[in-house]
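# Overview (structure and organization)
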Amino acid sequence: VDNVREIIASAQERAIDGKYKIFIIDECHAITTQGWQAFLKCIEEPPTYTIFIFCTTDPQKVPLTIQNRCQRHNITKLGINAIKDRLKYICSCENVSAEDNTLQYIARLSDGSVRQAITYLEQSLELGSLTTENVVKATGGSVYEKYFELANAIIDRDVKKVCNIISSQFDNGVDVKLFVDQFFSFCLDVTKYCLFKSLSVTSIPETYKEIMEKSTNFDYSEKYYMYIVDKLLNIKNGLKGETSPKEYVEASLIKVCSWN
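Summary of the structure given here. (Residues numbered from 1 in each chain as written. Predicted model: local features only at pLDDT ≥ 70, side-chain atom pairs only at ≥ 80, totals over all residues. Heavy atoms only, no water.)

## As for the overall build of the protein
Looking only at helices and strands, one finds 13 helices and 2 strands in the protein. Taken over the C-alpha trace, the protein has a radius of gyration of 25 Å; the compact-globule value for 260 residues is 18 Å, which it surpasses by more than 25%. The principal-axis extent of the C-alpha atoms belonging to the protein is close to 70 × 45 × 35 Å. Counting every position in the protein, which comprises 260 residues, the buried fraction comes to 35%. Counting contacts in the protein only where the partners sit at least 6 residues apart, residues at least 24 apart contribute 66% of the total. Counting every atom, the protein has about 15600 Å² of accessible surface; 50% of that belongs to carbon and sulfur. Of the side chains in the protein, 30 bear a positive and 34 a negative charge, and the two mean positions are spaced by 5 Å. (Helix = DSSP H or I, 4+ residues; strand = E, 2+ residues; numbered from the N terminus. Rg over C-alpha atoms; globule rule 2.2 N^0.38 Å. Buried < 20%, exposed > 50% of the residue type's maximum accessible area, 1.4 Å probe, protein only. Contact = heavy atoms within 4.5 Å. Areas by Shrake-Rupley, 256 points an atom, 1.4 Å probe, with all protein chains shown as cover. Lys, Arg positive; Asp, Glu negative; His and termini not counted. Charge placed at Lys NZ, Arg CZ, Asp CG, Glu CD.)

Printed below as a string of structure tokens:
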């Protein structure tokens, strides 16, 4: 409340070097109910030379009494091609060599955020050249070959191989819960590929197209992967309070291998 009162007092003063005094309040949904109540009068009748801009990622948490007194502008995410073009421009300015497939992969991972895409770009360059493999490492993901290997082992009901893969990930210091989250996203992407026959609807880079075709080249592949996705969702939920994640994941995947 005290901070809001300071803003209100400052809003009454004219800008020294401009026509308007502009206040940008980020993550405004964190303002308390008492703070909004103190703000209400100033928002209803702001000085003609004062503009308030409220930014939030959770507009539903902003009271309706405030929303009704504001103009609302929804900022949408950028498309993959727009982000890829921006990354290509940055690479050209910095004399960085990059393939379109790698930039498109970063654009997909960024989920519409240019800032996130640039972060991934910088992290990948720290590992050396800008390649898809370095992007995968920089973003904390496991190598996609390991995902394909595990998925094929589950479909083939190769319990020994499944357990060996989980054990190797654990021995290499990979967070088992994170691995399950990423494997779930991977299997969901494979399911979408089975349905639409295109990697453009997934976050999997084009360099894995050949292995993708081999891993899905069997009858009713989408049903098998949909089954795995369903079981992985249950495993993800069960891991939330699990104190022995490795054993839980192994036991769960062994059970998944016994599908009919």
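## Points about unusual backbone geometry
In this model, E27 sits at a positive phi of 50°, which is unusual for a non-glycine residue. On the secondary structure map, E27 appears in the loop between β1 (21–25) and α2 (33–44). Backbone geometry places N95, a non-glycine residue, at a positive phi of 55°. In this structure, N95 sits in the loop between α4 (80–93) and α5 (100–109). Judged by its relative accessible area of 73%, N95 is exposed.

## Structural notes on a nonpolar patch on the surface
On the surface, Y20, I22, I24, I51 and I53 cluster together into a nonpolar patch covering about 450 Å² of accessible area. Those elements giving two or more residues to the nonpolar patch turn out to be β1 and β2 (50–54). Structurally, I53 is set in strand β2. Assessed through its relative accessible area of 35%, I53 is described here as partly exposed. (Patch = residues over 30% accessible without salt bridge, like charges linked within 9 Å, V, L, I, M, F, W, Y side chains within 5 Å. Salt bridge = Lys/Arg side-chain N within 4 Å of Asp/Glu carboxyl O.)

## Some thoughts on the nonpolar core
The tendency in soluble globular proteins is for nonpolar side chains to be buried as a group. Of all hydrophobic cores here, the largest spans 48 residues; its most connected members are Y144, I154, F183, F186 and L253. In this structure, I8, I25, F39 and C42 belong to the second largest nonpolar core, which totals 14 residues. (Core = buried A, V, L, I, M, F, W, Y, C linked by side-chain atoms within 4.5 Å.)

## Considerations on the environment of Q71
Among the secondary structure elements, Q71 is positioned in the loop between α3 (64–67) and α4. On the accessibility criterion, Q71 (69% relative accessible area) is exposed. Counting along the chain gives 165 residues from Q71 to K236, while the straight-line C-alpha distance between them is 40 Å.

## Observations concerning the side chain of S124
As for its position among the elements, S124 is in helix α6 (residues 114–125). Here Y120 takes part through its backbone oxygen, which lies 2.7 Å from a polar atom of the side chain of S124. Excluding anything up to four places from it in sequence, S124 contacts S129, L130, N134, V135 and A138. (Polar contact = N/O pair within 3.5 Å; in protein donor to acceptor, adjacent residues only side chain to side chain.)

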